[in-house]
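# Structural characterization, general
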Amino acid sequence: MANGQQKAQQYLDAFEAWASTQSDEDFKQIINQGKLHRGEISKAIGCSRSALTQNPKLKRAVERVENE
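These figures come from a predicted structure and were not determined experimentally.

## With respect to helix α3 (residues 38–45)
In an α-helix, one turn spans 3.6 residues, which is why side chains three or four residues apart end up on the same side. Of all the positions in α3, only Arg38, Gly39, Ile41, Ser42 and Ile45 are classed as buried. Buried residues in α3, looked at end-on, bunch into an arc of 160°, giving them a common side. Buried-residue contacts for α3 involve α1 (4–20), β2 (35–36), α4 (49–54) and α5 (56–67). Residue Gly46 follows α3 closely and has a positive phi angle near 75°.

## A word on the pattern of salt bridges
Scanning all chains against the criterion turns up 3 salt bridges. Ionic pairing is found between Arg64 and Glu16, a salt bridge with its closest N-O pair at 4.0 Å. Placement of Arg64 in helix α5 and of Glu16 in helix α1 is noted, with a sequence separation of 48 residues between them. The partner of Arg38 in a salt bridge is Glu66, with the nearest N and O atoms 2.5 Å apart. You can see Arg38 sitting in helix α3 and its partner Glu66 sitting in helix α5, a full 28 residues away along the chain. On the basis of relative accessible area, Arg38 is assigned to the buried category, the value being 18%.

Basis of the calculations
Residues numbered from 1 in each chain as written. Predicted model: local features only at pLDDT ≥ 70, side-chain atom pairs only at ≥ 80, totals over all residues. Heavy atoms only, no water. Buried < 20%, exposed > 50% of the residue type's maximum accessible area, 1.4 Å probe, protein only. Helix = DSSP H or I, 4+ residues; strand = E, 2+ residues; numbered from the N terminus. Arc of directions from axis to C-beta. Contact = heavy atoms within 4.5 Å. Salt bridge = Lys/Arg side-chain N within 4 Å of Asp/Glu carboxyl O.

Such coordinate-based values are descriptive only and should not be taken to indicate function.
In structure tokens:
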């Protein structure tokens, strides 16, 4: 079983792989109140919503995509 740091890295890797397959139009489909819908992201990469806020590297990666 993976420890917390390994899981955090797996989720970051999963997000980056998922984000690289999405077009601008795909991202527009999941915008909610000016931000990407965290629930949709968590479903897509197989993590909890809390992982998107508690994992600093993942949080920054999501924010980076939002700002592009």
